[in-house]
There are 2 protein chains.
Amino acid sequence: MAQITPRTLKGFRDYLPEAMAAREALIETAKRTYRSYGFSPIDTPALEHLEVLTGKGSDETDKQMYRFEDAGGRTVGMRFDLTVPLARFAAQHIQTLGTPFKRYHIATVWRGENTQAGRYREFMQCDFDTIGTKSPVADAEMVLVVNDLLRAIGIQQFTISVNNRMVLNGVLENLGLAEQSAAVLRALDKLGKIGPQKVADELLRTAGADRSQTEKLLALSSVQGDDDVVLDQIRRLVEGSEIGEQGVAQLQELLAACRASGVPAENLKLDVSIARGLDYYTGTVIETTLDQLPAIGSVASGGRYDNLAELFTKQELPGVGASLGLDRLLEALRQLNLSPCTPPSADVFVPLFDKDHTNDYLSIAAKLRRSGLRVEVYPEAKKLGKQLQYADRRGFRAAVIIGADEFAAGNCQVKDLSEGVSHTCVLSEDASELIEQLQTLIGVE
Amino acid sequence: MAQITPRTLKGFRDYLPEAMAAREALIETAKRTYRSYGFSPIDTPALEHLEVLTGKGSDETDKQMYRFEDAGGRTVGMRFDLTVPLARFAAQHIQTLGTPFKRYHIATVWRGENTQAGRYREFMQCDFDTIGTKSPVADAEMVLVVNDLLRAIGIQQFTISVNNRMVLNGVLENLGLAEQSAAVLRALDKLGKIGPQKVADELLRTAGADRSQTEKLLALSSVQGDDDVVLDQIRRLVEGSEIGEQGVAQLQELLAACRASGVPAENLKLDVSIARGLDYYTGTVIETTLDQLPAIGSVASGGRYDNLAELFTKQELPGVGASLGLDRLLEALRQLNLSPCTPPSADVFVPLFDKDHTNDYLSIAAKLRRSGLRVEVYPEAKKLGKQLQYADRRGFRAAVIIGADEFAAGNCQVKDLSEGVSHTCVLSEDASELIEQLQTLIGVE
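Rules and cut-offs
Residues numbered from 1 in each chain as written. Chains lettered and ligands numbered in written order. Predicted model: local features only at pLDDT ≥ 70, side-chain atom pairs only at ≥ 80, totals over all residues. Heavy atoms only, no water. Core = buried A, V, L, I, M, F, W, Y, C linked by side-chain atoms within 4.5 Å. Buried < 20%, exposed > 50% of the residue type's maximum accessible area, 1.4 Å probe, protein only. Helix = DSSP H or I, 4+ residues; strand = E, 2+ residues; numbered from the N terminus. Contact = heavy atoms within 4.5 Å. Axes fitted to C-alpha atoms, helices over the stretch in contact; angles between N-to-C directions. Parallel < 35°, antiparallel > 145°, perpendicular 65-115°, else oblique. Left-handed = near helix turned anticlockwise from the far one by under 90°. Nonpolar A, V, L, I, M, F, W, Y, C, P; charged D, E, K, R; others polar. Salt bridge = Lys/Arg side-chain N within 4 Å of Asp/Glu carboxyl O. Patch = residues over 30% accessible without salt bridge, like charges linked within 9 Å, V, L, I, M, F, W, Y side chains within 5 Å. Areas by Shrake-Rupley, 256 points an atom, 1.4 Å probe, with all protein chains shown as cover. Lys, Arg positive; Asp, Glu negative; His and termini not counted. Charge placed at Lys NZ, Arg CZ, Asp CG, Glu CD. 1 Å grid on protein atoms, 1.4 Å probe; cavity = no way out; pocket = protein on both sides within 12 Å on 5 of 7 lines; lining within 4 Å. Points joined across faces, edges and corners; volume = space filled by probe spheres on them. Least-squares fit on C-alpha atoms with pLDDT ≥ 70 in both. Phe/Tyr/Trp six-rings, centres within 6.5 Å; stacked < 30°, edge-to-face > 60°. Lys NZ or Arg CZ within 6 Å of the ring centre and 35° of its normal. Buried area = accessible area lost by both parts, 1.4 Å probe.

**Focus on the nonpolar core**
By size, the foremost hydrophobic cluster in this structure holds 98 residues, and its most contacted members are L434 and L438 of chain A together with Y34, F128, V162, I234 and L324 of chain B. The biggest single contributor to this core is helix α5 (residues 136-152) of chain B, with 10 residues. Each residue touching L434 of chain A, except ones within four places of it in the same chain, is listed here: I364, L368, V400, C412, V414, C425, V426 and L427 of chain A. Of all hydrophobic cores here, the second largest spans 97 residues; its members include I27, L255 and L326 of chain A together with L438 of chain B.

**A few points about the packing of helix α8 (residues 191-207) of chain B against helix α9 (residues 211-221) of chain B**
Residue and element names in this part refer to chain B. Interhelical geometry of α8 versus α9 gives an angle of 160 degrees and a closest axis separation of 10 Å. Overall, the two elements α8 and α9 adopt an arrangement that is roughly antiparallel. Both α8 and α9 take part in a crossing whose hand is right-handed. Within the contact between the two elements, α8 uses L191, P196, V199, A200 and L203 and α9 uses T214, L217, L218 and S221. Split by residue class, the contact of α8 with α9 holds 7 nonpolar, 2 polar and no charged.

**Some remarks on the pattern of salt bridges**
The full count for this structure, using the stated rule, is 51 salt bridges over all chains. Note that E48 of chain B and R88 of chain B form a salt bridge whose closest N and O atoms lie 2.8 Å from each other. Of this pair, E48 of chain B sits in strand β2 (residues 47-49) while R88 of chain B sits in helix α4 (residues 83-97); the two residues are 40 residues apart in sequence, bridging distant segments of the chain. The shortest N-O distance in the salt bridge between K382 of chain B and E380 of chain B comes to 3.9 Å. We classify E380 of chain B as partly exposed; its relative accessible area is 23%. Several salt bridges converge on common partners, so that one network encompasses E24 and E28 of chain A together with K31 and R35 of chain B.

**Considering a negative patch on the surface**
All names here are of chain A. Side chains of E173, E239, E242 and E245 sit close together on the surface and give a patch of like negative charge. When you line up the elements, E242 lands in helix α11 (residues 242-260). The exposure class assigned to E242 is exposed, which follows from its relative accessible area of 61%.

**Brief notes about empty space enclosed by the protein**
Tallying each qualifying case throughout the model produces 4 cavities of 30 Å³ or more. Roughly 810 Å³ of volume is contained in the largest cavity. Along its surface, the largest cavity is lined by 50 residues, and I106 and M124 of chain A together with I106, T108 and M124 of chain B are the ones closest to its centre. Contributing elements (two or more residues each) for the lining of the largest cavity: α1 (17-35), β5 (101-110) and β6 (122-131) of chain A together with α1 (17-35), β5 (101-110), β6 (122-131) and α12 (326-335) of chain B.

**Considering the relation of the copies chain B and chain A**
In screw terms, the move from chain B to chain A is a rotation of 180 degrees and a rise of 0.0 Å along the axis, fitting with an RMSD of 0.1 Å. Look at the turn and shift together and you get a two-fold axis relating the two. Proximity to the rotation axis, assessed at the C-alpha, singles out F68 of chain B in chain B; its C-alpha lies 3.2 Å from the axis. Comparing interface residues between copies, 100% of those in chain B also lie at the interface in chain A; the contact surface is shared.

**Some remarks on the packing of aromatic side chains**
Between two aromatic rings, the relevant description is the distance of the centres plus the angle of the planes. Summed over all chains, the structure comprises 28 aromatic pairs over all chains. What links up through ring pairs into an aromatic cluster is the set F12, Y66 and F68 of chain A together with F12, Y66 and F68 of chain B. Above the face of the F39 of chain A ring, K102 of chain A is positioned so that its terminal group lies 5.0 Å from the ring centre. The ring of Y37 of chain A carries the charged tip of R369 of chain B above its face, separated from the ring centre by 3.4 Å.

**Concerning the interface of chain B and chain A**
Taken together, the contacts link 98 residues of chain B with 98 residues of chain A. Summed over both partners, the interface of chain B with chain A buries about 8500 Å², with 57% contributed by carbon and sulfur atoms. For the chain B face of the interface with chain A, the top three residues by lost area are I4, R7 and L9 of chain B, together amounting to 8%. Counting the contacts that link chain B with chain A gives 15 salt bridges. Across the salt bridge formed by K31 of chain B and E24 of chain A, the nearest N and O atoms sit 3.5 Å from each other.

In structure tokens:
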């Protein structure tokens, strides 16, 4: 038979067990954290009517979208993010769900991006949002969730940078650049990447900002220091602008709420240079960087928006939420040697010595599992060396060795595979001594 | 602005929080069970080169597949099951992974099915397989996993029906119908649906079976009784056929291994009428029905196959595995009132009485969360009635009520929302008494 070459599409990837176990562990931690704040899971289809997806996306996402005509002649697209589907979902179901509506959504999205940039065309997003309230409590919770989540995966050295779009808008108002805000924000957002001179060029070109305006804009971005110092400085910059003063008050309130909830000072920073490229943010914006790995970029970003679903409903739906950078976090955990301590397999290995005793091994394994242990029985009576080689590759914690001598004596050897030490253990009908020894060795409570 | 009607594509569906929480809980239980046997997770892309997907599928799946040309001119398809991607994956990676390779894969698949039959065009599959071994231990584990899984979700009354294709092949050999086995199996598989007369018609039409052959085939399907009785009867039917006798021996071995592992007799049944429609099974086959809901069909089905990846590699990869019917199981749990006891939200509700105390509520909530409790703070200082209405709809277990009086007295009210009873509780700096009361009320250990 002519064979087909087994390969994935360009920009797509398989997850082998080790990588997938790490991804699953991270997602489980994210879910646990989201739930601990009352966020509930939802899901939406991978395919949507094309008009649903093209409505709000940028030209870039429109161009990258996978789209086709289905067998029924409908023009459809594959979702490229979870925000547009959320807008459609909220417009359709908010009457049933009521507000505030707190949801998380962890799902795959597709973008036909240029793979030369090391980007994948299929990846997971991991979003949480609170819809239908303007309360600053929801803004604060966005920061608290990110703080809890990073700690839960073992990272302590990180900086959540917060800003508020209203502060920027107030400054622009005072500078007479309010109408050019989108162009100004896009330029300022590149400061870290292209430097002040090129940003100044772009500000002149796209926003018509003169030298004095540009200097004040760049001065805003370089405001540094303790929160109180920064707040004082920006308060002067927005003085007289109602929206700007509101923005400063909101920022101050957000910082106080986060401090009251125990976010350490070193993990939270007021940073007026944070703008977030996306046009739809209108209030709080956040970005999160890892202090040891700044080059990896933001691992959790988000903000507040005024009207989520205006394309689909007249009902005004304000909201606030953020998205976790799963791939970046997994890469960071790998670089920091923090990869989640879930071996991609069971904890206890039972080699199969003697085919005639197969059912005895299965029976013992079943008893261990009923006590909560995770147990793998090797399926073939190969040489012990081969079986232990397999165990070694898989990373089990312990092995239960029962050969002819042990069966005759009614006991077994419990081997600690990391220490290489063995202990003899009585093998009773209920396997209680064996269960106890294994639980102690593995650290199950 | 002209608005777009928010709607999903025909045959696609949104998961609202309650339905999604139930699905998540079921999937988590499946993962926990799979892992407890040493199965590891993998993932593969939703899109594959079309030639990968069309190679092995049936005409029906080929017709139902979502396929299109991507922006780079590649002909691609969306996966319609997890077996074909596993074959491609195994051919590509088995040298790295080694055998036996035990994987689970929980992922979305797409089929442009006729929605009039109540079918969805997007659904999740939940497969587990052991690749690279012919050991009967792997066959037995398939049954053990299904048994453990159903118990773990609270179902005790179920029947795992087992059979072996070699038994059927032995009977066919003895009847001189070995060459027509695919047609015969397809016809026999319909016995429950269309009855013996129509099956006999089909056997004549598609397999050329005469009346005497048909009678013997139908007799085989009606063999009933205790395992030992059935084994004796089928042993007579396959007598003289080597493959048939091997099949009977394997069945006997499988039943013994499952009994030794503690599968109760009432949950496991030898049923020679089970054939499974799919051509690629070559040994053990299983189906699982719920005794109280037989109409729902099989909730876990699978079997052994000789050569998973022959389209992609010369390496012979035998394997055995099964697939969980997630949608059917969710429907069953709903009908049996066994819906997983995960409220789609946090356990503890903190109403926000007084805006000026917002940070105090946030601080208390943070302390409760650090002790492992799941806590939602209402984001707005609305009337208490409104807030409790919300809490009622969401299904919280307890509320922590702290109004002006309580703040003054340094205590709070802990309200059991199912019983409607309140207790006063001291509100210390570390909230220890409150944490203890809530943990007792909710049943967290």
